[in-house]
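This is what each chain is made of:
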Amino acid sequence: MEYDIVIGMEIHAELATKTKIFCSCPTTFGADENTHTCPVCLGMPGVLPVLNKKVVEYATKAGLALNCKIANFSKMDRKNYFYPDLPKAFQTSQFDLPICVGGVLDIEVGGETRPIGITRIHIEEDAGKLIHEGADGTLVDVNRCGVPLIEIVTEPDMRSAEEARAFAEKVRNILEYTGVSDCKMEEGSIRFDVNLSVKEKGSDVLGTRTEMKNLNSFRALERAVHYESKRQIIELKKGHRIIQETRKWDDVKGVSSSMRSKEEAHDYRYFPEPDLVPIVISDEEIARAKAELPELPEAKKARYVSEYGIPEYDASVITTSKVSAAYFEEAVAAYHEPKLIANWLMVDIPAHLKERELTMETIPFGPSALAKLVELIKSGAISGKIAKSVMEKMFEGEGDPEAIVKAHGWAQMSDSGELEAIIKQVIEDNPKSVSDIATGNKKAYGFLTGQVMRATKGQANPQMANQIIRKLVEAQIGKTE
Amino acid sequence: MDYTKLTLHETKQALKNGEVTSEALTQAYIDRIGAVEPKLDAYLATTFDSALEHAKAVDKAGNAGDGLAGIPYALKDNMCTKGMTTTCASKILSNFVSPYDSTVYAGLKDAGAVLLGKVNMDEFAMGSSTENSAFKTTKNPWDTTKVPGGSSGGSAVSVAADMAAFSLGSDTGGSIRQPAALCGVVGMKPTYGLVSRYGLVAFASSLDQIGPFTKDVEDCAIVLNAIAGYDHRDSTSLNVPKVDYTQDLTEGVKGKKIGVSKSFAGEGVQPEVQKAMDEAVAAYKDAGAEIVEVDFNYLDQALAAYYIIACAEASSNLARYDGVRYGVRAKEYSGLIDMYRKSRSQGFGAEVKRRIMLGTYALSSGYYDAYYKKAMQMRTLIVEDFNRIFKSCDVMLTPTTATTAFGIGEKTADPLEMYMSDLFTVPVNISGMPAISLPGGLDHEGMPIGLQLIGPALSEDRMLKAAYVLENAVSFRASAKPALD
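Everything quoted here is computed from the prediction, not taken from an experiment.

## Quick notes on the overall build of chain A
Line of reasoning, step 1. Looking only at helices and strands, one finds 16 helices and 16 strands in chain A.
Line of reasoning, step 2. For chain A, whose C-alpha radius of gyration is 30 Å, the value lies well above the compact-globule estimate of 23 Å for 481 residues.
Line of reasoning, step 3. Each principal axis of the C-alpha distribution contributes one length, and for chain A these read about 100 × 55 × 55 Å.
Line of reasoning, step 4. Burial analysis of chain A (481 residues in total) assigns 51% to the buried set.

This is the structure:
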């Protein structure tokens, strides 16, 4: 029996607003416990929420970027449950009238384009964090309470771990581009929940699904889907029934395990939040948000191919991150060699960043410096090999590539007189190579070039060196004959 | 001269004339509280030291009598006051000290009003007699064997017994108007959104509204001037132009239409209450108003819808009292769920628990459509019905309650009978419209009768003018005072 895997996803992304959704506390990550709090986000008796307008704007932009319809009228609801990280004992969310509905996002996997339906996007608030420390109790940190979130809910349209990953990556990319979320996985500002079921191949009947919550890396997402789909198929092949439940993914052990079954599920008793008025967005506001949307990765990629003539692969690598795309564009604006600049951005720079535990946000030199470096190579001022050393120094914070070349005396030797003197010496020192060439072993030219590069510490212009070597060697052979 | 016997507007005059200082006035109120509090149990906490300090500062500033500057008052104990307890008359909040001020309290402080203390109420404002307080039973000053009404019983008694020049209460289903009626004072529930709810501990968010208790209608207008206004911290606050409610208060009702409905008469209405209604109708006719018959179609349904909506919201609003962050936590428990259960079981009283359970049930999956959703649909119909009524009249006149004050302990065994005492007041909260209760005379036992005027949204000025006419016709305060001394 063959099986199809059916995957739907819920993505929670923290919005990049400066303040929380219902109060003016800051949203910055990593503050001391319980310092970003006020009576409102602490759920003190008598407090009232005031909806942050930026939250509505950002959710609207996210919806537009994901091709959703923006609701002119939506409202907030209360989702009631008891938990110590939820000071009000209800989460303010949206139930039956979310702000965005009915979107779609195309993904490409294995050369095939597949549309993934987006059911809805709604606004809600994040909960706090529990810190289990020592035996005498659990501590609560409510800094994260009231940090605004959007929850993106998809249709069960994905069919493989690869598709799930591609979709998740693409959503993250778009949210980052639109600036509505910083999407820092390591800070939990984007989290993925996966609903997964399997069904007999070709069947219209969906199987029972399980849910895995809070997968916080693409790798974890992909592995969890692989594991869970295999587990379900094995269960079914054994003749077992799949239990509808929430499962916990253990990324260290690489297994999922049962957390709670649907039978124990909460009745959240949703009802309209009486302390907030409905969210009304006019068509003009929607149009304005649309006009404010930046160029999205898809469009950027296409433009790089057509405008800059770089290969599609290069364009898609560079547009993976908003920061690297912006860097690329600035570098190209400073010196129009898109392909050469793209090469650096795809190979050397990522390697350096990785080695030094840096990111494109923290790279120590700007796009104009990279442009300058490429210009130095292109003009013949330095060799490609020297350029690599220059970049090394740029990462070490030595600044402007021209200054580095100067300070280290790395300028390519293009003075033919000076070079000729060095080459004469090399030929004199290597009579065997000359006789090898004379007897027809042209490979010895390579050896001589190497010797010249060595003698000039790589500063010789290789083409010029080759010409001079040939001229001098041929002259010498002619003399002896 | 006992200045506690004066109305607020008379007191302002005395302060302005320099007849009395705010300090002396405050001391007079403190003495009065000392004398009658043991018989009435109105105050949960007093703030005499800071009151005297505050009064001295106002005297020094020289603006006593401007607005509410230098005027001693009391707050219902469900409005947050920084550095003081705000208990909601509940064990679960018995130790709760608010880290912030409610908007109304902050505003009154800025205006120079002098807080004497915080007064008793039904726990979390749930009740109609103040017998649901976890701490004490407040007595009706007209007859201390009777209830003062509720839930703002302490607020009503503090004004009725001259223990404050005015007080604030909150009205979710009649909690200002019903105790005002039972204690013979003026009480108003303003239009929903006119007074900020920020810092009012929520019972039912879509119904709660803060309002004044005063000795007469003019006083009510003065206090409303001070507390009404837009607050950006309350999303349901109305951003409307400020109105001076004392302006043209004596204008009269000539040519105005007063609506009267048979729904608020008949069976269950004490004959003396009906007689007071008839006299009021006659007084309005004498004053040149036209009396029009109106139908209100949903009196019974309003009470049912009210208890579903109020309890549903309360079940969610009161969920935060879980013993985790503030308030009282059970002493012994094993594990989180047990802590929740024991803290809430021990911390809440019977009526609060009953309403949390009713509300939880009404919102539960499978029952939501039959209860909450239906109640919300009813709410729409009630609003439409009132809108229709106010096309044919300017204000509507009804009794505030069908009967005068009942005995302490008389209705505690039967929650439904207790709920019925809100019958004439809840439709107003459901509609969001304003209403005022004012004294309409005394029954044969010498207990006050309350009459209610209801107006369309933001018609407080119109309502106050109509109330002023009635007040003068009845001349209640001149003829009767609680016999405590």
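Past the structure itself, the notes keep going.
## Some details on the sheet that holds strand S2 (residues 72-76) of chain B
Residues and elements named next belong to chain B.
Line of reasoning, step 1. Overall, mixed pairing links the 11 strands, which are arranged S1-S3-S2-S4-S6-S5-S10-S11-S9-S7-S8 in an open sheet. Here the strands that pair on one side only, and so sit at the sheet edges, are strand S1 (43-46) and strand S8 (290-293). Between one strand axis and the next, the sheet turns by 30° as a mean value, whatever way the strands run.
Line of reasoning, step 2. In the sheet, S2 pairs with strand S3 (residues 114-119) via five bridges, with the strands oriented parallel. When the sheet's bridge partners are listed, leucine 75 is paired in S3 with lysine 118.
Line of reasoning, step 3. This element, helix H5 (residues 153-160), spans S1, S2, S3, strand S4 (166-171) and strand S6 (209-214) of the sheet and lies at about 155° to S4.

## Brief notes about the domain arrangement of chain B
All names here are of chain B.
Line of reasoning, step 1. Looking at the assigned domains, one finds that chain B contains domain 1 (3-252 + 463-479) and domain 2 (299-378).
Line of reasoning, step 2. Contacts between the two partners involve 21 residues from domain 1 and, on the opposite side, 20 residues from domain 2.
Line of reasoning, step 3. When domain 1 packs against domain 2, close to 1,700 Å² is buried across both sides, 63% of that on carbon and sulfur atoms.
Line of reasoning, step 4. Of all residues in domain 1, Ile92, Met126 and Phe203 give up the largest surface area on contact with domain 2, accounting jointly for 37% of the area buried on that side.

## What to know about the interface of chain A and chain B
Line of reasoning, step 1. Listed per partner, the contact involves 30 residues of chain A and 37 residues of chain B.
Line of reasoning, step 2. Of the roughly 2,700 Å² buried between chain A and chain B on both sides combined, carbon and sulfur atoms contribute 61%.
Line of reasoning, step 3. Between chain A and chain B we count one salt bridge in total.
Line of reasoning, step 4. Where Arg197(B) meets Asp275(A), a salt bridge forms, and the shortest distance between an N and an O atom there is 3.0 Å.
Line of reasoning, step 5. Counting across the chain A and chain B interface gives 16 residue pairs in polar contact (both at pLDDT 80 or more).
Line of reasoning, step 6. Of all elements in the fold, only strand S4 (77-80) and strand S15 (271-272) of chain A reach the threshold of two or more residues within the side of chain A that touches chain B.
Line of reasoning, step 7. Residue composition of the side of chain A that touches chain B, by class: 22 nonpolar, three polar and five charged.

## Quick notes on the domain arrangement of chain A
Residues and elements named next belong to chain A.
Line of reasoning, step 1. Domains assigned within chain A are domain 1 (3-284), domain 2 (295-408) and domain 3 (416-480).
Line of reasoning, step 2. Counting the surface lost from both domain 1 and domain 2, the interface buries some 830 Å², and carbon and sulfur atoms represent 51% of this.
Line of reasoning, step 3. When the buried area of domain 1 at its contact with domain 2 is split by residue, Asn173, Glu176 and Tyr177 rank highest and sum to 66% of it.
Line of reasoning, step 4. The interface formed by domain 1 and domain 2 includes one salt bridge.

## Re the side chain of Glu163(A)
Line of reasoning, step 1. Inspection of the secondary structure assignment puts Glu163(A) in helix H2 (residues 161-178).
Line of reasoning, step 2. For Glu163(A), the residues in contact, after removing those within four places along its chain, are Ile107(A), Val109(A), Arg114(A), Asp157(A) and Met158(A).

## Points about the sheet that holds strand S5 (residues 90-93) of chain A
Line of reasoning, step 1. Pairing is antiparallel across the open sheet formed by three strands, whose spatial order is S5-S4-S15 (chain A). Where the open sheet ends on each side, the last strands, each with one partner, are S5 and S15 of chain A.
Line of reasoning, step 2. Sheet analysis places S4(A) next to S5(A), joined by four bridges and oriented antiparallel. Opposite Asn80(A), over in S5(A), you have Phe90(A) as the bridge partner.
Line of reasoning, step 3. Here helix H9 (residues 299-317) of chain B sits on the sheet in contact with S4, S5 and S15 of chain A, set at roughly 60° to S4(A).

## Quick word on a nonpolar patch on the surface
Line of reasoning, step 1. Residues Phe73(A), Leu97(A) and Val280(A) make up a contiguous nonpolar surface patch of roughly 280 Å² in combined accessible area.
Line of reasoning, step 2. Structurally, Val280(A) is set in strand S16 (residues 279-280).

## Thoughts on the pairing of S2(B)
All names here are of chain B.
Line of reasoning, step 1. Summarising burial for S2: five of the five residues are buried, a large majority.
Line of reasoning, step 2. Residues Pro72, Ala74 and Lys76 of S2 are buried on one face, and the alternating residues Tyr73 and Leu75, pointing to the opposite face, are buried as well.
Line of reasoning, step 3. Viewed along the sheet, the connection from S2 through helix H4 (residues 103-111) into S3 turns out right-handed.
Line of reasoning, step 4. Where S2 lies against S4, three bridges are found, and the strand directions are parallel. Across the sheet, residue alanine 74 finds its bridge partner in S4, namely serine 167.

## A short note on helix H10 (residues 336-347) of chain B
Residue and element names in this part refer to chain B.
Line of reasoning, step 1. Over its 12 residues, H10 extends 16 Å from the first C-alpha to the last, a length consistent with the 16 Å expected when each residue adds 1.5 Å.
Line of reasoning, step 2. Within H10, the full set of buried residues consists of Asp338, Met339, Tyr340, Ser343, Arg344 and Gly347.
Line of reasoning, step 3. Buried-residue contacts for H10 involve helix H11 (350-363).

## Topic: the pattern of salt bridges
Line of reasoning, step 1. In this structure the tally under the stated criterion is 59 salt bridges over all chains.
Line of reasoning, step 2. The partner of Arg78(A) in a salt bridge is Glu273(A), with the nearest N and O atoms 3.0 Å apart. Residue Arg78(A) is located in strand S4, and its partner Glu273(A) is located in the loop between S15 and S16; the two are separated by 195 residues in the primary sequence.
Line of reasoning, step 3. We classify Arg78(A) as buried; its relative accessible area is 0%.
Line of reasoning, step 4. Here Arg247(A) makes a salt bridge to Glu228(A), at a shortest N to O gap of 3.2 Å. Within this pair, whereas Arg247(A) is found in strand S13 (residues 245-250), its partner Glu228(A) is found in helix H3 (residues 218-237), the two being separated by 19 residues in sequence. Pair check on accessibility: Arg247(A) and Glu228(A) agree, each one buried.
Line of reasoning, step 5. Sharing partners across several salt bridges, the network here consists of Arg78(A), Glu273(A), Asp275(A), Arg197(B) and Asp234(B).

## With respect to the packing of helix H2 (residues 22-40) of chain B against helix H3 (residues 48-61) of chain B
Residues and elements named next belong to chain B.
Line of reasoning, step 1. Two elements in contact, H2 and H3, have axes separated by 7 Å at closest approach and are oriented at 160°. One finds that H2 runs roughly antiparallel with respect to H3. As for how H2 packs across H3, the hand of that crossing is right-handed. Between H2 and H3, the contacting residues are Ser22, Glu23, Thr26, Gln27, Ile30 and Ile33 on the first element and Phe48, Ala51, Leu52, Ala55, Lys56 and Asp59 on the second.

Parameters and conventions
- Residues numbered from 1 in each chain as written.
- Chains lettered and ligands numbered in written order.
- Predicted model: local features only at pLDDT ≥ 70, side-chain atom pairs only at ≥ 80, totals over all residues.
- Heavy atoms only, no water.
- Helix = DSSP H or I, 4+ residues; strand = E, 2+ residues; numbered from the N terminus.
- Rg over C-alpha atoms; globule rule 2.2 N^0.38 Å.
- Buried < 20%, exposed > 50% of the residue type's maximum accessible area, 1.4 Å probe, protein only.
- Pairing = 2+ DSSP bridges.
- Axes fitted to C-alpha atoms, helices over the stretch in contact; angles between N-to-C directions.
- Contact = heavy atoms within 4.5 Å.
- Domains from an automatic or database assignment.
- Buried area = accessible area lost by both parts, 1.4 Å probe.
- Salt bridge = Lys/Arg side-chain N within 4 Å of Asp/Glu carboxyl O.
- Polar contact = N/O pair within 3.5 Å; in protein donor to acceptor, adjacent residues only side chain to side chain.
- Nonpolar A, V, L, I, M, F, W, Y, C, P; charged D, E, K, R; others polar.
- Patch = residues over 30% accessible without salt bridge, like charges linked within 9 Å, V, L, I, M, F, W, Y side chains within 5 Å.
- Areas by Shrake-Rupley, 256 points an atom, 1.4 Å probe, with all protein chains shown as cover.
- Right-handed = clockwise from strand over helix to strand, strands pointing away.
- Expected span 1.5 Å × (residues − 1).
- Parallel < 35°, antiparallel > 145°, perpendicular 65-115°, else oblique.
- Left-handed = near helix turned anticlockwise from the far one by under 90°.

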